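Given next are the chains, with one letter for each unit.
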Amino acid sequence: MRHEYLPPQCRSRLTRRGRLALLLGTLLAIGAAVLIPILRGGDVPETPRRLLIPEGWRAPQVYAAVDRELKLPPGSTKATVTTAGLALPAEAKNNPEGYLFPATYPVTSKSTPATLLTHMVRTANEKLATKAVADGGKAHGMTPYQTATLASIIEAEAESPRDMGKVARVVHNRLAKSMPLQMDSTINYALNRSTLDTKLSDTRIDSPFNTYERQGLPPAPIDSPGLRAMAAAVAPTPGDWLFFVTVKPGDTRFSATYEEHKRHVAEFNRLRAGAGARTGQAGPAEK
């Protein structure tokens, strides 16, 4: 057998620095292969911000809060109402007042005025559809929209949640007797203000929200009521009260007779005068 002469092959040997460079290059290549899929499909989830809508806010306040949170020009959110396709009852006539449910809502980079308003209205509908609220409303012959309207008055008038059931009872008793509600909160809504003082001239304004001149509930809600106000609207505290006045913080007096109510109003006026505050006109249902 013939043997061919093959020259000995020389193998190159890596220096210590070369071995380190090779190892580093390999690790970088592996890291890049792993990193590319992460960048493409494994982004870290966005942490939502929080938008708080308190009980009793009116629609313009909600619109302004959304504009601020989304860093939009003033009026942007209000302008989307007519095109947002909100799930409002026909009675609302595309006005979401009373249906911008007070709660804390998540806000992300994908949030828009339309998505936030839709979430608020959907939440309001869900709360009005809960068994206790829906059944209670039907028992009193009220539609969900009327429940929202009554709840909005309770939200505005009650000094604290513990008084909501009694305020609701005053409204129900007055409705049952065909008495005007005479609520200062509805006057304030008509005049686009918030105040404890209602003058006699205020009670004579020409407005469907003037519950001094017109009987029954106002034609629409006056703010965003919470679930406690909704529950009180359909399950008022038993009682024969027709009047109430908050004499001082934490002290709301409910009366069945006008004579008793006048005494409470006199005390209210004395306390305000003593504190140097301007005495307001005392309304029969509220002051």
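So, how was this worked out
- Residues numbered from 1 in each chain as written.
- Predicted model: local features only at pLDDT ≥ 70, side-chain atom pairs only at ≥ 80, totals over all residues.
- Heavy atoms only, no water.
- Axes fitted to C-alpha atoms, helices over the stretch in contact; angles between N-to-C directions.
- Helix = DSSP H or I, 4+ residues; strand = E, 2+ residues; numbered from the N terminus.
- Parallel < 35°, antiparallel > 145°, perpendicular 65-115°, else oblique.
- Left-handed = near helix turned anticlockwise from the far one by under 90°.
- Contact = heavy atoms within 4.5 Å.
- Pairing = 2+ DSSP bridges.
- Phe/Tyr/Trp six-rings, centres within 6.5 Å; stacked < 30°, edge-to-face > 60°.
- Buried < 20%, exposed > 50% of the residue type's maximum accessible area, 1.4 Å probe, protein only.
- Salt bridge = Lys/Arg side-chain N within 4 Å of Asp/Glu carboxyl O.
- Expected span 1.5 Å × (residues − 1).
- pLDDT = per-residue confidence, 0-100.
- Core = buried A, V, L, I, M, F, W, Y, C linked by side-chain atoms within 4.5 Å.

Let us look at the packing of helix α7 (residues 164-176) against helix α9 (residues 227-234). For any two helices packed against each other, one specifies the crossing angle of their axes together with the interaxial distance. Axis separation between α7 and α9 bottoms out at 8 Å; the angle between their running directions is 45 degrees. Considering the angle they form, α7 stands oblique to α9. Like other packed secondary-structure pairs, α7 and α9 cross with a definite hand, here right-handed. The residues of α9 that touch α7, namely those facing Met-164, Gly-165, Ala-168 and His-172, are Arg-228, Ala-229, Ala-232 and Ala-233.

As paired strands, strand β3 (residues 243-248) and strand β4 (residues 251-255) are joined by 5 bridges and run antiparallel to one another. Of the residues in β4, the one forming a bridge with Phe-243 is Ser-255. What sits between the antiparallel neighbours β3 and β4 is a turn of 2 residues, in which Gly-250 has the positive phi angle 85 degrees.

For the rest of this paragraph, the subject is unusual backbone geometry. Notably, Lys-71 is not glycine yet its phi reads approximately 55 degrees, a positive angle. Tracing the sequence through the fold places Lys-71 in the loop between α2 (59-69) and α3 (76-80). Its identity is not glycine, yet Asn-94 carries a phi of approximately 65 degrees, on the positive side. Structurally, Asn-94 can be placed in the loop between α3 and β2 (104-107).

Within the fold, Glu-213 resides in the loop between α8 (184-190) and α9. Considered as a pair, Glu-213 and Leu-181 are 32 residues apart in the sequence and their alpha carbons are 9.0 Å apart. Not counting chain neighbours up to four residues away, the residues in contact with Glu-213 comprise Thr-203 and Arg-204.

Turning our eyes to something else, we now look at the packing of aromatic side chains. Working definition: an aromatic ring pair is given by the centre-to-centre distance plus the angle between the planes. Following the criterion strictly, the structure yields 5 aromatic pairs and no others. Geometrically, the ring pair formed by Tyr-99 and Tyr-145 is stacked, given 6.0 Å between the ring centres and 20 degrees between the ring planes. Taken together, the residues Tyr-99 in the loop between α3 and β2 and Tyr-145 in helix α6 (residues 144-157) connect sequence positions 46 residues apart. Using a relative accessible area of 4% as the deciding quantity, one classes Tyr-145 as buried.

In this section: the packing of α6 against α7. Where α6 contacts α7, the axes come no closer than 9 Å and their chain directions differ by 125 degrees. Classed by the angle they form, the pair α6 and α7 counts as oblique. You can see that α6 and α7 cross each other, and the crossing is right-handed. Contacts from Leu-150, Ile-154, Glu-155 and Glu-157 in α6 reach Met-164, Val-167, Ala-168, Val-171 and His-172 in α7.

It is worth spelling out the environment of Val-133 at this point. Structurally, the position occupied by Val-133 is in helix α5 (residues 131-139). Separated by 100 residues in the primary sequence, Val-133 and Ala-233 have C-alpha atoms spaced 8.4 Å apart. Excluding anything up to four places from it in sequence, Val-133 contacts Lys-127, Leu-128, Thr-147, Leu-227, Met-230, Ala-231 and Val-234.

A separate point is the pattern of salt bridges. Enumeration according to the criterion identifies 8 salt bridges in this entry. Note that Asp-251 is salt-bridged to Arg-253, the shortest N-O span being 2.8 Å. Residue Asp-251 is classed as buried on the basis of its relative accessible area of 17%. By sharing partners, the salt bridges in this structure join Asp-251, Arg-253 and Glu-267 into a single network.

Our focus in this paragraph is α6. Since there are 3.6 residues in each turn of an α-helix, residues three or four apart along the chain are aligned in direction. For α6, which comprises 14 residues, the first-to-last C-alpha distance of 20 Å matches the rise-based estimate of 20 Å (1.5 Å per residue) to within 8%. The element α6 is extensively covered by neighbouring structure, given that 11 of its 14 residues are classed as buried. Among the structural elements, α4 (113-128), α5, α7, α8, α9 and β3 are those in contact with the buried residues of α6.

Summary statistics for the protein give a mean pLDDT of 87 and a share of 81% for residues scoring 70 or more. Taken as a whole, residues 1-8 scores under 50 in pLDDT and shows 0 contacts with residues more than four places along the chain or in a different chain. Throughout residues 26-39 the model reports pLDDT below 50, and contacts reaching past four residues in sequence, or to other chains, amount to 2 contacts.

The subject of this paragraph is the nonpolar core. Ranked by internal contacts, the top residues of the largest apolar core, which has 52 residues, are Leu-51, Tyr-99, Leu-100, Leu-116, Met-120 and Ile-154. Excluding residues within four positions of it along the chain, Tyr-99 makes contact with Leu-88, Pro-89, Met-120, Val-121, Ala-124, Asn-125, Leu-128, Pro-144, Tyr-145 and Ala-148.

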